[in-house]
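# Report on the structure
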Amino acid sequence: MLRTVWARTIIALLIALGALLLIRLHYASGASAEQDSISNGRRLAEAWCQKCHSFEPDSPGTVGRAPDFVRVANRVSTTELSLKVFLRSNHRNMPSLIIAPDQADDLTHFILSLKRD
């Protein structure tokens, strides 16, 4: 009985170590957690936001629409926290989207990646 418990514990630890090694190898190959988040955020923005927001300043056809994300990213008041709070709040001029915390993180990282110095 005790051997079975130890065997299961060792197997579980080996599986966990293997998973951590695979994750480490993934990020060692050049992928970064932040880059993945930015890519995921862009995909979400293309699916949910692109009807009203452009991702480049003054894109054709966006006159009178919602501000482009470059302009949003470059506002003095735009911070990671302010974007996350904004994305998790209801606004009368935006569709009501239910955005999970990890999706809000990804969208925030994407928008902030557009900031120009």
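Note: the structure precedes this text.
Residues numbered from 1 in each chain as written. Predicted model: local features only at pLDDT ≥ 70, side-chain atom pairs only at ≥ 80, totals over all residues. Heavy atoms only, no water.

## Focus: the nonpolar core
Note the cut-off: Here the nonpolar core consists of buried residues drawn from Ala, Val, Leu, Ile, Met, Phe, Trp, Tyr and Cys, with membership extended through side-chain atoms lying within 4.5 Å. A simple rule labels every residue: compare its accessible area, found with a 1.4 Å probe on the protein chains alone, to the largest value its type can have, and call it buried under 20%, exposed over 50%, or partly exposed in between. Where helices and strands are cited, they refer to DSSP runs of H or I of at least four residues and of E of at least two residues respectively, numbered from the N terminus.
Judged by nonpolar contacts, the single largest core of 17 residues is most densely connected at A45, F69, L107, F110, I111 and L114. Every element with two or more residues in this core is listed here: α2 (33-48), α3 (69-73), α4 (80-87) and α5 (101-113).

## Examining the packing of aromatic side chains
What counts, and what does not: Centres within 6.5 Å are what make two rings of Phe, Tyr or Trp a pair, Trp counting through its six-membered ring; a difference in plane orientation under 30 degrees is then read as stacked, over 60 as edge-to-face, and the rest as tilted.
One pass over the structure, following the stated rule, counts three aromatic pairs. With centroids separated by 5.5 Å and ring planes inclined at 15°, the aromatic side chains of F55 and F69 adopt a geometry described as stacked. Within this pair, whereas F55 is found in the loop between α2 and α3, its partner F69 is found in helix α3, the two being separated by 14 residues in sequence. The same class applies to F55 as to F69, namely buried. Their ring planes at 80° and their centres at 5.2 Å tell us that F55 and F110 sit as a pair that is edge-to-face. Here F55, found in the loop between α2 and α3, pairs with F110, found in helix α5; they are 55 residues apart in sequence, far enough to count as distant. In this structure, F55 and F110 share a single accessibility class: buried. Ring-pair connections join several aromatic residues into one group, and the members of that group are F55, F69 and F110.

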